[in-house]
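This is what each chain is made of:
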Amino acid sequence: MLKLQNVETFYGNIQALKSISMEIAEGEIVTLIGANGAGKSTTLMSISGVVPPRTGEILFQDQPIHGLPPNAIVSMGISQVPEGRRIFPYLTVLENLDMGAFLRDDKDEIKNDIAYIFELFPILAERRHQAGGTLSGGEQQMLAISRALMARPRLLLLDEPSLGLAPLVVKRIFDIVRKINTENNTTVFLVEQNANLALKTAHRGYVMENGRIIMADAADKLLANEDVRKAYLGI
Ligand code: ATP
């Protein structure tokens, strides 16, 4: 579904990604783990077109998407949930969800999707007229994911969904990510510092260090790998 080939991304003179190559197949949950500053968010932003790569290729369903503007990439079926759950704080929950559907004009289907989201996250239904900024951190993360889902993505990019949230809330969010993947057949690319959780959720994983992919394997193999356990699982 998604293929990155020798992708190199820069911030001015700083090279954040060094010849990254990876693949995500339809229906998979794939995770990218690594330390602070390894280049995980930059990988997502290169895919979504927010920070376009300087060289290399990104193919989505065999179409090149590197160099396309972010809205064109969203309309092709890729939605990103950025780190820090950037929802619109002064808009209500419903208005935030509407914003996620801004590229769509199928009103009835949009209604159905909002109903589906309220089934996934009943707390958002209760809070539908509340301003996004007044929600708890966990609820904002749920809203950020839901807003991305309103674009009906085939591929959902999640950047650190567990960041700063209580373990019980994190568990609920990850249960829903699995559900979106299995029930909705949405492919998921998950960036996480919580490597243990990410590898328990994903089918496959990549490990990133200093802008390079240093390992790729099935998630259970990475969980059992001595080097991964020492460096990223604190075991
Ligand atoms: P974290 O988990 O802390 O977000 P990360 O693995 O997602 O880390 P990135 O945010 O992708 O890492 O950062 C990769 C490298 O690019 C780092 O060295 C970082 O300092 C640098 N970088 C990121 N954003 C910018 C920016 N806007 N301007 C300059 N350098 C940046």
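Cut-offs and rules
Residues numbered from 1 in each chain as written. Predicted model: local features only at pLDDT ≥ 70, side-chain atom pairs only at ≥ 80, totals over all residues. Heavy atoms only, no water. Near = heavy atom within 4 Å. Polar contact = N/O pair within 3.5 Å; in protein donor to acceptor, adjacent residues only side chain to side chain. Areas by Shrake-Rupley, 256 points an atom, 1.4 Å probe, with all protein chains shown as cover. Helix = DSSP H or I, 4+ residues; strand = E, 2+ residues; numbered from the N terminus. Nonpolar A, V, L, I, M, F, W, Y, C, P; charged D, E, K, R; others polar. Core = buried A, V, L, I, M, F, W, Y, C linked by side-chain atoms within 4.5 Å. Buried < 20%, exposed > 50% of the residue type's maximum accessible area, 1.4 Å probe, protein only. Contact = heavy atoms within 4.5 Å. Pairing = 2+ DSSP bridges. Axes fitted to C-alpha atoms, helices over the stretch in contact; angles between N-to-C directions. Expected span 1.5 Å × (residues − 1). Parallel < 35°, antiparallel > 145°, perpendicular 65-115°, else oblique. Left-handed = near helix turned anticlockwise from the far one by under 90°.

### Points about the site of the ligand
Inference 1: The environment of the ligand is formed by 13 residues, the closest being Asn36, Gly37, Lys40, Ser41 and Thr42.
Inference 2: A distance of 2.5 Å is found between an oxygen atom of the ligand and a side-chain nitrogen or oxygen belonging to asparagine 36.
Inference 3: Taking alanine 38, its main chain carries an N or O atom lying 3.1 Å from an oxygen atom of the ligand.
Inference 4: About the coverage of the ligand: the protein hides 62% of its 630 Å² of free accessible area.
Inference 5: Tallying contributions element by element places helix H1 (residues 40-48) first for the shell around the ligand, with three residues.
Inference 6: Here the residues of the shell around the ligand are counted per class, giving four nonpolar, six polar and three charged.

### Here we look at the nonpolar core
Inference 1: Residues Leu97, Phe118, Leu124, Leu158 and Val228 are the most contacted members of the largest nonpolar core, which totals 46 residues.
Inference 2: Setting aside residues up to four positions removed in sequence, leucine 158 forms contacts with Leu44, Val81, Ile145, Val177, Val188, Phe189, Leu190 and Val191.
Inference 3: Counting 24 residues, the second-largest nonpolar core is a separate cluster that includes Leu2, Ile20, Leu32 and Ile78.

### With respect to the sheet that holds strand E1 (residues 2-11)
Working definition: the strands of a sheet are paired by backbone hydrogen bonds and lie parallel or antiparallel to each other.
Inference 1: The sheet built from four strands is open, its strands ordered E2-E1-E4-E5 with antiparallel pairing. The open sheet terminates on both sides in strands that have one partner only, identified here as strand E2 (14-24) and strand E5 (63-64).
Inference 2: When E1 meets strand E4 (residues 55-60), the two strands line up antiparallel, connected through five bridges. Bridge pairing in E4 places leucine 4 opposite isoleucine 58.
Inference 3: The strands touched by H1 are E1, E2 and E4; relative to E1, the strand with the most contacts, the crossing angle is about 110°.

### Focus on the sheet that holds strand E8 (residues 187-192)
Inference 1: Taken in spatial order, the six strands make up an open sheet running E6-E7-E8-E3-E9-E10, and their pairing is mixed. The sheet is open, and its two borders are formed by strand E6 (78-81) and strand E10 (212-218), each paired with just one other strand. With direction set aside, neighbouring strand axes in the sheet form an average angle of 15°.
Inference 2: Bridging between strand E3 (residues 29-34) and strand E9 (residues 204-209) involves five bridges; their strand directions are parallel.

### With respect to the pairing of E2
Inference 1: Bridge count for E1 against E2 is seven bridges, and the pairing is antiparallel. Across the sheet, residue threonine 9 finds its bridge partner in E2, namely leucine 17.
Inference 2: The hairpin turn running from E1 into E2, its antiparallel successor, is two residues long, and glycine 12 in that turn takes a positive phi close to 60°.

### As for unusual backbone geometry
Inference 1: Positive phi values are uncommon outside glycine, yet asparagine 6 reaches one of about 50°.
Inference 2: Its place among the elements puts asparagine 6 in strand E1.
Inference 3: Overall, the relative accessible area of 43% leaves asparagine 6 in the partly exposed class.
Inference 4: In the Ramachandran plot, aspartate 62 falls in the positive-phi region, its phi being about 70° despite a non-glycine side chain.
Inference 5: Mapped onto the fold, aspartate 62 is located in the loop between E4 and E5.

### Focus: helix H6 (residues 137-149)
Inference 1: An ideal rise of 1.5 Å per residue puts 18 Å on 13 residues; H6 measures up with 18 Å between its terminal C-alpha atoms.
Inference 2: Those residues of H6 lying buried are Gly138, Glu139, Gln140, Gln141, Met142, Leu143, Ala144, Ile145, Ser146, Arg147, Ala148 and Leu149.

### A closer look at the packing of H6 against helix H7 (residues 167-184)
How two helices pack is summed up by the angle between their axes together with the distance between the axes.
Inference 1: Relative orientation of the contacting elements H6 and H7 amounts to 15°, with a least axis distance of 10 Å. Looking at the two axes, H6 sits roughly parallel to H7. When the axes of H6 and H7 are compared, the crossing they make is right-handed. Here H6 contributes Gly138, Gln141, Met142, Ile145 and Leu149 to the contact with H7, which in turn contributes Val169, Arg172, Ile173 and Ile180.

Worth remembering: the numbers are spatial, not functional.
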